[in-house]
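Coordinate analysis (summary)
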Amino acid sequence: LAAKKNGKKKPVVVEEPEKREKTPSKKKGKSARSWDMGGKSTDGIDFSSPSDGAANLNLKDESHLKGTMSGDLSGFNEEEDDEDEEYEEEDEGDNVAAKNGGGGRGGMFSFFKNINFSTQQTVTAESLEPVLDKLKEHLTSKNVASEISVQLCDSLESSLVGKSYSTFTGLSSTAREALSDALTKILSPKRRVNVLRDVMDAKSKDRPYVVTFCGVNGVGKSTNLAKVCFWLLDNGYRVLVVGGDTFRAGALEQLRTHVVRLANLYSEDMVQLFERGYGKDPAGLTFEAIKYAKERRYDVVLVDTAGRMQDNEPLMRALSNSLH
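In this report, the structure presented in the accompanying data block is examined. (Residues numbered from 1 in each chain as written. Predicted model: local features only at pLDDT ≥ 70, side-chain atom pairs only at ≥ 80, totals over all residues. Heavy atoms only, no water.)

A few words now on the overall build of the protein chain. When you go through the protein chain residue by residue, the secondary structure sums to 10 helices and four strands. Split into buried and exposed, the 324 residues of the protein chain put 29% on the buried side. Considering only contacts within the protein chain whose residues lie at least 6 apart along the sequence, 73% involve residues at least 24 apart. As displayed, the protein chain offers around 22,500 Å² of accessible surface, 51% of which is attributable to carbon and sulfur atoms. (Helix = DSSP H or I, 4+ residues; strand = E, 2+ residues; numbered from the N terminus. Buried < 20%, exposed > 50% of the residue type's maximum accessible area, 1.4 Å probe, protein only. Contact = heavy atoms within 4.5 Å. Areas by Shrake-Rupley, 256 points an atom, 1.4 Å probe, with all protein chains shown as cover.)

Turning next to helix H6 (residues 195-204). Listing the buried residues of H6 in full gives Leu196, Asp198, Val199 and Ala202. Along H6, the residues classed as buried sweep out an arc of 160° about the axis, all on the same side. In H6, the exposed positions angled more than 90 degrees off the buried face are occupied by Met200 and Ser204. Considering only its buried residues, H6 is in contact with strand E1 (209-213), helix H7 (221-234) and strand E4 (300-304). Asp206, located one to two residues past H6, shows a positive phi value of around 60°. (Arc of directions from axis to C-beta.)

Read from one edge of the open sheet, four strands run E1-E4-E2-E3, paired in parallel fashion. Looking at strand neighbours, the two that pair on one side only are E1 and strand E3 (271-274), the edges of this open sheet. With direction set aside, neighbouring strand axes in the sheet form an average angle of 20°. Here strand E2 (residues 239-243) runs beside E3; their pairing, made up of four bridges, is parallel. Within E3, the residue paired with Val239 across the bridge is Val271. (Pairing = 2+ DSSP bridges. Axes fitted to C-alpha atoms, helices over the stretch in contact; angles between N-to-C directions.)

The next point concerns the packing of helix H3 (residues 125-141) against helix H4 (residues 146-160). Where H3 meets H4, the closest approach of the two axes is 10 Å, and the angle between their N-to-C directions is 155°. The orientation of H3 with respect to H4, classified from their angle, is roughly antiparallel. Where H3 crosses over H4, the handedness of that crossing is right-handed. Contacts between H3 and H4 involve Ala125, Leu128, Leu132, Leu135, Lys136, Leu139 and Thr140 from the first element and Ser149, Val150, Leu152, Cys153, Leu156, Glu157 and Leu160 from the second. Considered class by class, the residues forming the contact of H3 with H4 number 10 nonpolar, two polar and two charged. (Parallel < 35°, antiparallel > 145°, perpendicular 65-115°, else oblique. Left-handed = near helix turned anticlockwise from the far one by under 90°. Nonpolar A, V, L, I, M, F, W, Y, C, P; charged D, E, K, R; others polar.)

This next bit is on the side chain of Asp299. Of note, Asp299 is situated in the loop between helix H9 (282-295) and E4. The class for Asp299 is buried, based on a relative accessible area of 7%. In this structure Asp299 touches Val199, Lys203, Pro208, Tyr209, Gly236, Tyr237 and Arg238, once residues within four positions along its chain are discounted.

Below, the discussion takes up the pattern of salt bridges. A complete count under the given rule lists nine salt bridges for this structure. Residues Arg248 and Asp245 are paired through a salt bridge, measuring 3.4 Å at the closest nitrogen-oxygen approach. Taking relative accessible area as the criterion, Arg248 reaches 34% and is therefore assigned partly exposed. Residue Asp245 is classed as buried on the basis of its relative accessible area of 3%. (Salt bridge = Lys/Arg side-chain N within 4 Å of Asp/Glu carboxyl O.)

Bringing the packing of aromatic side chains into the picture now. For the structure shown, the criterion picks out two aromatic pairs. Between Phe230 and Tyr266 the ring centres are 6.3 Å apart and the planes differ by 55°, which places this aromatic pair in the tilted class. Here Tyr266 lies in the loop between helix H8 (251-265) and E3 and Phe230 lies in helix H7, a separation of 36 residues in the sequence. For Phe230, a relative accessible area of 15% gives the class buried. The class for Tyr266 is buried, based on a relative accessible area of 18%. Of note, Arg238 hangs over the ring of Tyr298, and the distance from its end group to the ring centre comes to 4.1 Å. Against the face of Phe274 rests Arg276, its NZ or CZ located 4.2 Å from the ring centre. (Phe/Tyr/Trp six-rings, centres within 6.5 Å; stacked < 30°, edge-to-face > 60°. Lys NZ or Arg CZ within 6 Å of the ring centre and 35° of its normal.)

Attention shifts here to H4. Taking 1.5 Å as the rise per residue, H4 with 15 residues should run 21 Å; its terminal C-alpha atoms sit 21 Å apart, in good agreement. Among the residues of H4, those classed as buried are Ser149, Leu152, Cys153, Ser155, Leu156, Ser159 and Leu160. Down the axis of H4, the smallest arc covering the buried residues is 155°, so these residues share one side. Residues of H4 that are exposed and point over 90 degrees away from its buried face: Glu147 and Ser158. (Expected span 1.5 Å × (residues − 1).)

This is the structure we're talking about:
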């Protein structure tokens, strides 16, 4: 009462609860992986298993495909017809562009537009020289070997010099034909390739016929290996597929899927996958696979390899070890 009379308020005291000491919670991070053998061991990261994948595949009845690839390979004439149609479309595009006063479709043959010649003027070596120099530089930038670039340019020069052309279309058509003939001559083997005959010849000598699929990354080595394997199986040959790509993740699983489907179409005795997991030496693996194929009397050995550029000397040297 005395406090109220004096106009003073009684202070309110609030008791604070006892403060609890909170221990900071540490976030659980990734535990560091311990690598054996200085990081060269793949035991901890190789999760592939020969049994995985075969039971999980939903295999369809593809028996109607058997017998569709027996005999020699065909269909090359169809590809040539398609190329001729493409050439006709390019010529039509060049004609339309010429009428409109613009350039053609561009590309490699557009270099020949730099040749200054009037109607019925003869192409000389001097007018063609700067064009061929640019073409040679263009081919080299596309990873074409310098020797091949020189051969192609020499072939073009011998085909164009001394001839007269009224339009750019006629010149580009002759250049395209000359380039096609030169490429055909360079890429044509010295002897006729008959894989089925060579397989029979190797079989008569009691040894397997070995085919190695090599190339840059992503060109379809594994996929085309499966197609060739299907063709050989359709001709009655036993095939051993070698998982020589021990570097790319999923390479062995991809081959295993192909082999399982082919074995389902034919039989497990006709086709088999030979692999030893990732990180193995491809050369030693190939040697071991060929020895295995000879003991099990397989007719053909198809070897898959890791993708590599032709200018990578260490990888090309490693590939040569597998081939020899």
